[in-house]
Amino acid sequence: MSTGLAILVLVFVALLLLETPIAFVIGIAAVLSAFALGYEQVLLSVARDLGNGLDSFALLAIPFFILAGELMGAGGLARRLIDLAAALVGRMKGGLAMVNTLTCMMFGAISGSAAAAVSSIGGTLIPEMNRNGYPKDFNIAVTATAATTGLLIPPSNVMIIYAVVASNVSVGALFMAGVLPGVLIGLLLSAVALAQSRRGNYGSAAGQVPPLMRSLWRALPSLLLVIFVLGGILGGIFTATEASAVAVLWAFLLSVVFYRETPWRMLPEIILRAARTTGIVMLLIAASQVMSRILTQEQVPDAVSSALLGLSQNPVLILLTINIILLVVGTFMDMTPAVLVFTPILLPVAVELGIDPVHFGIIMIANLCIGLCTPPVGTCLFLGCTVGKSNIVAVSRAMLPFYAAMVAGLLLISYVPALSLWLPRLAGVLK
Amino acid sequence: MTKHIRSLTARAIGRLAVVIFAALVVNVLWGVLTRYAFGQQASWSEELARFLLVWLAMLGAALAYIENSHLGMDILTRVLEKSALRLARLTGHTLVLLFAAAVMIYGGGTLFLERWDSGQVMPALQFRKAWFYLSIPVSGVLISLFALDAAIRCALGKTEESKTTTLTKA
């Protein structure tokens with residue numbers, strides 16, 4: 001057993017360093033260790049697991065939310081949300097920083113992609129903040145960190161992925177569970193941004209603030225997407241997959257028919273982008289199913305569980321240990337593969353400790369959000385640096401107070417289960 | 001393979017994926033609608049959706065490979081010298097080639113034939129399940145061809161631009 005697993009780990013790490021696509025790294029490592037473990041008909045059964053891993057109606061929600069996000073983001077969504085946020089909080093001192101965090105929260109929720117939030121919101125707001133006397137690296141740091149809150153505020157694809165690998169976890173419950181933690185982290189980031197702006201006297205003069213009612217009226221149809229999806233799932237009107245298809249329809253109606261910002265001839269290009277992203281995510285999911293079957297067969301989760309519980313019986317300490325492991329993982333791994341690889345290993349420990357799987361999912365996502373903003377691999381950090389034209393070292397330094405806010409939020413989310421579980425219980429989607 | 005053939009193939013796969021994606025959306029929306037209008041969803045709708053999904057995923061995965069947009073980690077490769085980088089790339093592409101050929105073409109192909117012989121059908125669609133699994137060897141053929149092409153180009157000393165992890169969605 002141990003040689004096979006050692007091969008899995010070694011091959012995995014070596015190939016990752018060679019910049020081989022992670023989905024293939026997982027697949028190759030799984031095949032080699034299956035051979036070493038003496039499994040029969042390895043090639044056939046790995047191929048079967050790849051296919052069967054995708055044979056699920058629940059997974060369909062992922063391509064649909066990706067497509068809805070692409071359709072929404074293609075139009076003037078960013079501008080409308082920025083105007084709304086500016087009307088709400090733009091007038092105060094340091095207001096633009098608040099406008100940034102608030103817009104990122106809304107945009108991230110609607111588009112479902114932190115990366116899209118960084119490039120769309122950052123592309124507009126970072127230059128605007130630069131012009132208004134906010135330092136560049138600070139602006140990038142605000143955008144990159146706030147963009148991750150959209151992964152906790154529903155709808156969120158990474159939650160669907162978690163629900164699939166965790167099994168027996170309801171997507172509706174996860175969606176509801178993410179609302180308060182996402183808003184909490186958003187508020188903490190806003191507080192840091194505001195405090196920094198006031199102390200450094202950034203953005204002294206308030207700029208033009210659009211009238212509230214008009215900007216609300218213009219942004220409302222886009223925000224309705226979130227409400228439709230949540231309301232539909234909670235009201236038992238449709239499943240998460242059906243909700244995602246309705247989201248596509250709504251996004252299509254808005255951007256093509258209502259706002260007319262996306263001409264018909266752009267549609268194939270938008271669908272193509274979504275198809276490419278779907279291929280990337282789905283291959284990762286399929287390959288991870290192969291690997292997790294081997295891990296389960298070799299009882300790795302049990303081993304990890306007893307090793308961790310052997311360290312201490314104190315749930316507070318174990319949860320802290322898990323969080324530290326995930327923080328380290330998150331610094332060098334993207335969120336989707338990290339959730340796919342580590343959920344099957346760590347979730348049993350959490351369950352053993354009496355943590356609700358829904359709560360654990362939120363902890364995991366909130367934790368990995370931090371990794372998106374840290375070197376050596378941090379999608380949001382890198383993209384922010386590209387969009388805002390700065391370098392990683394300078395921005396990482398500007399990030400420090402924001403990291404602190406995110407870690408504080410993570411600790412609250414970890415140790416106050418009600419933050420995650422109160423809302424889904426209230427809505428009746430969780431017992 | 002010339003750049004021309006690469007982009008032509010990518011475009012053909014892309015077109016097919018777009019059609020499948022559009023069909024998928026229409027199909028699921030139709031399912032929702034019929035459930036409301038007639039109180040009962042056509043049972044083939046969910047089966048068709050899962051069938052289209054696996055094809056979309058497999059074609060999308062091949063497309064992403066051709067266009068070099070899969071998620072990878074460049075912690076080490078971004079500091080490598082040019083020749084070392086070429087070797088790293090060559091190894092990576094070769095391993096992907098072996099995986100696609102052994103698991104996706106050979107394993108997936110065997111699976112397809114096995115299901116074809118067993119005559120298993122999807123209950124509502126009355127359609128052989130083998131067509132579902134065919135997506136795996138088809139994607140495998142595309143991926144291995146392009147991995148071979150990329151490996152040859154590496155071996156001949158043409159290094160591609162470093163892809164950046166930042167371009168992929170979080």
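Just so we're clear, the structure is a prediction, and the values are computed from it rather than from any experiment. (Residues numbered from 1 in each chain as written. Chains lettered and ligands numbered in written order. Predicted model: local features only at pLDDT ≥ 70, side-chain atom pairs only at ≥ 80, totals over all residues. Heavy atoms only, no water.)

It is worth spelling out the overall build of chain A at this point. Assigned secondary structure in chain A consists of 20 helices and zero strands. Against the compact-globule benchmark of 22 Å for 431 residues, chain A has a radius of gyration of 22 Å, which places it among compact chains. Looking at chain A residue by residue over its 431 residues, the buried ones come to 65%. Contacts in chain A between residues at least 24 apart in sequence constitute 78% of all its contacts with a sequence separation of at least 6. As displayed, chain A has an accessible area near 15100 Å², and 67% of this comes from carbon and sulfur atoms. Charged side chains in chain A number 20 positive and 16 negative. The centres of these two groups are separated by 18 Å. (Helix = DSSP H or I, 4+ residues; strand = E, 2+ residues; numbered from the N terminus. Rg over C-alpha atoms; globule rule 2.2 N^0.38 Å. Buried < 20%, exposed > 50% of the residue type's maximum accessible area, 1.4 Å probe, protein only. Contact = heavy atoms within 4.5 Å. Areas by Shrake-Rupley, 256 points an atom, 1.4 Å probe, with all protein chains shown as cover. Lys, Arg positive; Asp, Glu negative; His and termini not counted. Charge placed at Lys NZ, Arg CZ, Asp CG, Glu CD.)

What follows concerns the overall build of chain B. Helices and strands together make up the secondary structure of chain B, namely four helices and two strands. Projected onto its principal axes, the C-alpha positions of chain B cover 65 × 35 × 30 Å. Counting only residues that meet the buried cut, chain B has 49% of its 170 residues in that class. Taking all contacts inside chain B whose residues are at least 6 apart in sequence as the whole, residues at least 24 apart take part in 75%. Accessible area for chain B stands at about 8100 Å²; split by element, carbon and sulfur atoms hold 66% of it. Across chain B, the mean location of the 17 positive side-chain charges is 5 Å away from that of the 10 negative side-chain charges.

Residues and elements named next belong to chain A. Across all of its chains, the model carries zero disulfides over all chains by this definition. Counting only cysteine sulfurs, C380 is the nearest neighbor of C104, a cysteine outside any disulfide, at a range of 9.1 Å. Accessibility expressed as a relative area gives 0% for C104, which makes it buried. Not engaged in a disulfide, the cysteine C373 finds its nearest cysteine sulfur in C380; these two sulfurs lie 5.1 Å apart. For C373, a relative accessible area of 0% puts it in the buried group. (Disulfide = S-S within 2.5 Å.)

For the rest of this paragraph, the subject is helix α13 (residues 267-297) of chain A. The end-to-end C-alpha separation of α13 of chain A is 44 Å, in line with the 45 Å expected for 31 residues at 1.5 Å each. Taken from the residues just after α13 of chain A, Q299 of chain A is the one with a positive phi, measuring 55 degrees. (Expected span 1.5 Å × (residues − 1).)

Aromatic ring pairs are reported here in terms of the distance separating the ring centres and the angle at which the planes meet. One pass over the full model with this rule turns up 15 aromatic pairs over all chains. With a centroid separation of 6.2 Å and 50 degrees between ring planes, the pair formed by F112 of chain B and W131 of chain B is classed as tilted. Of this pair, F112 of chain B sits in helix α3 (residues 82-118) while W131 of chain B sits in helix α4 (residues 130-155); the two residues are 19 residues apart in sequence, bridging distant segments of the chain. With a relative accessible area of 15%, F112 of chain B lands in the buried category. Pairwise contacts between aromatic rings join Y134, F138, Y202 and F402 of chain A into one cluster. Over the aromatic face of Y259 of chain A sits the side chain of R80 of chain A, whose NZ or CZ is 3.5 Å from the ring centroid. (Phe/Tyr/Trp six-rings, centres within 6.5 Å; stacked < 30°, edge-to-face > 60°. Lys NZ or Arg CZ within 6 Å of the ring centre and 35° of its normal.)

The next thing to look at is the interface of chain A and chain B. With 64 residues of chain A at the contact, the number on the chain B side is 65 residues. Carbon and sulfur atoms supply 76% of the area that chain A and chain B bury against each other, a total of about 5800 Å² over both sides. For chain A, the biggest contributors to the area lost against chain B are E19, F24 and F57 of chain A; these three give 12% of the whole. Our count for the contact surface shared by chain A and chain B stands at five salt bridges. For the salt bridge of R35 of chain B with E242 of chain A, the shortest nitrogen-to-oxygen distance reads 2.6 Å. For the pair chain A and chain B, the interface holds nine residue pairs in polar contact (both at pLDDT 80 or more). For the side of chain A that touches chain B, the elements supplying multiple residues, two or more each, are α1 (2-17), α2 (22-36), α3 (42-53), α4 (61-74), α7 (114-131), α12 (240-258), α13 and α18 (379-388) of chain A. (Buried area = accessible area lost by both parts, 1.4 Å probe. Salt bridge = Lys/Arg side-chain N within 4 Å of Asp/Glu carboxyl O. Polar contact = N/O pair within 3.5 Å; in protein donor to acceptor, adjacent residues only side chain to side chain.)

Once that is clear, we can look at the pattern of salt bridges. Opposite charge on two side chains allows them to pair when their charged atoms are near. Applying the stated criterion across every chain yields a total of 16 salt bridges over all chains. Ionic pairing is found between R80 of chain A and E261 of chain A, a salt bridge with its closest N-O pair at 2.9 Å. Taken together, the residues R80 of chain A in helix α5 (residues 77-89) and E261 of chain A in the loop between α12 and α13 connect sequence positions 181 residues apart. The exposure class assigned to R80 of chain A is buried, which follows from its relative accessible area of 5%. Judged by relative accessible area, E261 of chain A falls into the partly exposed class, the value being 34%. Residues joined in a network through salt bridges with shared partners are D55 of chain A together with E46, R50 and K129 of chain B.

All names here are of chain A. Its location among the elements puts S222 in helix α11 (residues 212-234). Residue classification places S222 among the buried positions, given a relative accessible area of 1%. Excluding residues within four positions of it along the chain, S222 makes contact with M72, L77, R80, I110, L254 and Y259.

Here we come to the confidence of the model for chain A. Looking at chain A as a whole, its pLDDT mean stands at 92, while 99% of the residues score no less than 70. Considering each helix and strand of chain A separately, the mean pLDDT is smallest for α1 of chain A, with a value of 84, and largest for helix α17 (residues 357-371) of chain A, with 98. (pLDDT = per-residue confidence, 0-100.)

The next point concerns unusual backbone geometry. For residues besides glycine, phi is generally negative; the peptide bonds are generally trans as well. A cis amide bond links P154 of chain A to the next residue, P155 of chain A, at an omega of -10 degrees. Here P155 of chain A shows up in the loop between α8 (136-147) and α9 (157-166). With a phi close to 65 degrees, N168 of chain A is a non-glycine residue in the positive phi region. Structurally, N168 of chain A can be placed in the loop between α9 and α10 (171-200). On the basis of relative accessible area, N168 of chain A is assigned to the exposed category, the value being 83%. Positive phi outside glycine occurs at N68 of chain B, with the angle close to 65 degrees. With respect to the helices, strands and loops of the structure, N68 of chain B is situated in the loop between α2 (43-66) and α3.

Bringing a nonpolar patch on the surface into the picture now. Residue and element names in this part refer to chain A. A surface patch of nonpolar side chains, about 760 Å² in accessible area, is lined by V316, L317, L320, I324, V328, V407, L411, L412, Y415 and V416. For the nonpolar patch, the elements supplying multiple residues, two or more each, are α15 (315-332) and α19 (392-415). Considering each element in turn, the nonpolar patch owes the most residues, five residues, to α15. Relative to the helices and strands, V416 is located in the loop between α19 and α20 (417-427). (Patch = residues over 30% accessible without salt bridge, like charges linked within 9 Å, V, L, I, M, F, W, Y side chains within 5 Å.)

Residue and element names in this part refer to chain A. In this structure, L102 sits in helix α6 (residues 95-111). Among the residues examined, L102 registers a relative accessible area of 24% and is labelled partly exposed. Residues L102 and L84, 18 residues apart in the sequence, show an inter-C-alpha distance of 9.3 Å.

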